[in-house]
Amino acid sequence: MMRGDLKKETEVLWAGRLAEKPDAEAFAFQASIGVDARLAFDDIAGSKAHAATLGRQGIIPKDAAAKIGRELDRIAAELKAGKLAIDPAAEDIHSFIEGILTERLGDAGRMLHAGRSRNDQVAVDFKLYLKRIVPELRAELAETIGVLLDQAEKHTAAVMPGYTHLQRAQPVTLGYHLTAWCAALERDLSRFAGALSRLDECPLGAGALAGSGLPLDRKAAAEALGFARPSLNSMDSVADRDFALELSSCCAIAMVHLSRFCEDVVLWASEEFKFIELAEAWSTGSSIMPQKKNPDFAELIRGKAGRAAGNLVTLLTLLKGLPYAYDKDLQEDKESLFDSLDTLRSCLRVFRGMMRDTQFNLKRMQAACSGGFLEATDAAEYLVRKGLPFRKAHETAALIVRDCIEAGRRQIADRSLAELKARSKLFEEDIYEALSPAACIKARGLPGGPAPKEVRRQIRALRKKIR
Ligand code: ARG
């Protein structure tokens, strides 16, 4: 991109102060149009609100304000229709839109920037964009939760091992496991809503850092743009990027969640687990090994969580030690957050499709529940119910597990009642019913537990929250 020859007066907003044209390479280096072009419609909305304020407050003639408003509408329509292309050689989206406006309207266009700085402008645009995009992302999250809950609902009685330390721990159900994922995603949903609510303050009128001596109407402008209120302090408004940090963190946390779910998926798809059969449409092959069916999509989502974490660190590092108020460093904020938002969106869509089409190998899951003494905790609780202190019950059950292993038996129910009674007189015939995976699960019906009835309640509660 060559910027040596600056033909249009409007191309550089600060040409008055510097007699020399900017060095072409330096200009390209500091330009942000490649990143902030996606703010075009938000920039137009912000400028329309500002022009209306200027007209209403008598700062510029009413007809100039009206002309600006109409021309901005026209520019938006042309951009939408592809009749106007964003100039990749412009400095940023703000100077591009103002430049087009001035090219077309002359002096009326030159009136628009009264009482405004690109510092408040960029904060307004960025926030307007996020107010549009984050609700879309929340809808993607809600839809993903919906798909997982559909699968969970079908499998509230499908027994599978629950793991700690990646060792079989206690029997649970597939429905319970999937609902656990949904509980995490629902927190993401609410985290994004919280960040949006704190973001809802309009920086317009903050100027470069110290507001304006012109009689702007910040309240009306905030209202016109759909913000809850104007921001409290103008210096803070141009320095603040907490909203970007918070949203970046929301994305990073959601991506970490997805990466953990995907790790489960990768494990489950392995020959060693064989708990699921990924759909062919959501698998890849190998260029050399003809037999392979790989869970690349799950792996890639897991990998992309690293980007989201990196983007958060980028923003934190960018802001750390930055002197008040605006510094050009802040221009680096958007690329990082845009990438996190884009990444999360595409990962949610792929993850959702993959999980919708996955076949669960329920027999394998059920089989994995027997033979690993997953019922040992329930045997101990059986004894507690009969009055034995838990520590003793734990030891008794542990000794029975040892007995089984020594005798080459794979589950507690393989011991005769006489053998069990030798460890504790409290055992009765009813112990055998209490030890099946289904019975263990049914017994754990506390709020939050895996009993099918309780999981169905959890699913209903989550469905209510995503509605
Ligand atoms: N492109 C800039 C950004 O993204 C706009 C603000 C420029 N302000 C300035 N004083 N140079 O932050």
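Scroll up to find the structure.
Worth saying up front: this structure is predicted, and the values here are computed from it rather than measured. Each chain has its residues counted from 1, running along the sequence as written. In keeping with the predicted nature of the model, local features appear solely for residues at pLDDT of at least 70, side-chain atom pairs appear and are counted solely at 80 or more, and the whole-chain, interface and lining totals rest on all residues. Note: side-chain values were computed over all heavy atoms of the structure, leaving out hydrogens and water.

Student: With reference to specific residues and values, describe the packing of helix 3 (residues 40-56) against helix 5 (residues 93-105).
Tutor: Lines fitted to C-alpha atoms define the axes, with helix axes restricted to the stretch in contact, and inter-axis angles between N-to-C directions lie between 0 and 180 degrees. Secondary structure elements are defined from DSSP: runs of H or I of at least 4 residues count as helices, runs of E of at least 2 residues count as strands, and each element is numbered from the N terminus. It is the contact of helix 3 with helix 5, at a shortest axis distance of 10 Å, that shows an interaxial angle of 60 degrees. Between helix 3 and helix 5, the angle is such that the two are oblique. The interaxial crossing formed by helix 3 with helix 5 has right-handed handedness. Residue-level inspection shows Ala40, Asp43 and Ile44 of helix 3 in contact with helix 5, the latter providing Ile93, His94 and Ile97. The nonpolar class holds Ala, Val, Leu, Ile, Met, Phe, Trp, Tyr, Cys and Pro. Asp, Glu, Lys and Arg form the charged class, and all remaining residues, Gly among them, are polar. By residue class, the composition of the contact of helix 3 with helix 5 is four nonpolar, one polar and one charged. Should an angle lie under 35 degrees it is considered roughly parallel, over 145 roughly antiparallel, and from 65 to 115 roughly perpendicular; all remaining angles are considered oblique. Here is the rule for handedness: rotate from the far helix to the near one, and if that takes an anticlockwise turn smaller than a right angle the crossing is left-handed, while a clockwise turn gives right-handed. Here a residue-residue contact requires only that any non-hydrogen atoms of the pair lie within 4.5 Å.

Student: Could you give an account of the side chain of Ser231, with specific residues and numbers?
Tutor: For Ser231, the position within the fold is in the loop between strand 4 (229-230) and helix 10 (234-239). Residue Ser231 is classed as buried on the basis of its relative accessible area of 9%. A distance of 2.8 Å separates polar atoms of two side chains, one belonging to Ser231 and the other to Arg218. For Ser231, the side chain forms a polar contact with the side chain of Ser237, separated by 2.7 Å. For every residue, the accessible area obtained with a 1.4 Å probe (protein chains only) is divided by the maximum for its type, and the residue is called buried under 20%, exposed over 50%, and partly exposed between those limits. Under the rule applied, a polar contact is a pair of N or O atoms within 3.5 Å (in protein, one hydrogen donor and one hydrogen acceptor; residues adjacent in sequence only if both atoms are side-chain atoms).

Student: Please provide a residue-by-residue account of the state of the cysteines, values included.
Tutor: Whenever a pair of cysteine sulfur atoms sits within 2.5 Å, that pair is classed as a disulfide. What the rule picks out here adds up to zero disulfides. Free cysteine Cys347: the closest other cysteine sulfur is in Cys262, separated by 7.7 Å.

Student: So what about the pairing of strand 1 (residues 159-164)? Which residues, and what values?
Tutor: In the sheet, strand 1 pairs with strand 2 (residues 167-173) via six bridges, with the strands oriented antiparallel. Paired with Gly162 across the two strands is Gln170, which belongs to strand 2. Following DSSP output, two strands are said to pair if at least two bridges run between them. Turn length for the strand 1-strand 2 hairpin, with the two strands adjacent in sequence and antiparallel, is two residues, and the turn residue His165 shows positive phi of about 55 degrees.

Student: Quick one: what's the story with the site of the ligand, residue by residue and with numbers?
Tutor: Residues are labelled near a given molecule or strand when at least one of their non-hydrogen atoms is within 4 Å of it. Surveying the vicinity of the ligand reveals the residues Ser32, Asp36, Asp92, His94, Arg118, Asn119, Val122, Tyr326, Gln331 and Lys334. At 3.1 Å, a side-chain N or O of Ser32 approaches a nitrogen atom of the ligand. Measuring from a nitrogen atom of the ligand, one finds a side-chain N or O atom of Gln331 at 2.8 Å. Residue burial considers only the protein chains on display, and all accessible areas are found by Shrake-Rupley using a 1.4 Å probe. For the ligand, whose unbound accessible area comes to 340 Å², protein coverage reaches 85%. The leading source of residues in the shell around the ligand is helix 7 (residues 118-154), at three residues. Considering only residue class, the shell around the ligand consists of two nonpolar, four polar and four charged.

Student: Describe the packing of helix 8 (residues 174-199) against helix 11 (residues 242-269), with residues and values.
Tutor: Packing of helix 8 against helix 11 brings their axes to within 9 Å, and their N-to-C directions diverge by 170 degrees. Judged by the angle between their axes, helix 8 and helix 11 are roughly antiparallel. Tallied by class, the residues present in the contact of helix 8 with helix 11 amount to 16 nonpolar, two polar and five charged.

Student: Explain the packing of aromatic side chains residue by residue, including any values.
Tutor: Centres within 6.5 Å are what make two rings of Phe, Tyr or Trp a pair, Trp counting through its six-membered ring; a difference in plane orientation under 30 degrees is then read as stacked, over 60 as edge-to-face, and the rest as tilted. As enumerated under the stated definition, the model contains ten aromatic pairs in all. Both rings, one in Phe126 and one in Phe243, keep their centres 5.5 Å apart while their planes meet at 75 degrees; by these two values the pair is edge-to-face. Taken together, the residues Phe126 in helix 7 and Phe243 in helix 11 connect sequence positions 117 residues apart. Here Phe126 matches Phe243 in class, with each residue buried. Their ring planes at 10 degrees and their centres at 5.7 Å tell us that Tyr382 and Phe427 sit as a pair that is stacked.

Student: Tell me about empty space enclosed by the protein, and name the residues and values.
Tutor: In the cavity and pocket records, a cavity denotes points on a 1 Å grid over the protein atoms alone where a 1.4 Å probe fits but cannot get out, a pocket denotes an open set with protein on both sides within 12 Å along at least 5 of 7 lines, and lining residues are residues with an atom within 4 Å of a point. Grid points are joined across faces, edges and corners, and a volume is the space filled by probe spheres set on the points. One pass over the full model with this rule turns up one cavity of 30 Å³ or more. Of the voids in this model, the largest cavity is the one considered here, and its volume is about 40 Å³. What lines the largest cavity is His50, Thr53, Leu204, Gly205, Leu216, Asp217, Arg218 and Ala221. Elements supplying a minimum of two residues to the lining of the largest cavity: helix 3 and helix 9 (218-224). Taken together, the residues that form the lining of the largest cavity break down as three nonpolar, three polar and two charged.

Geometry only, nothing functional implied.
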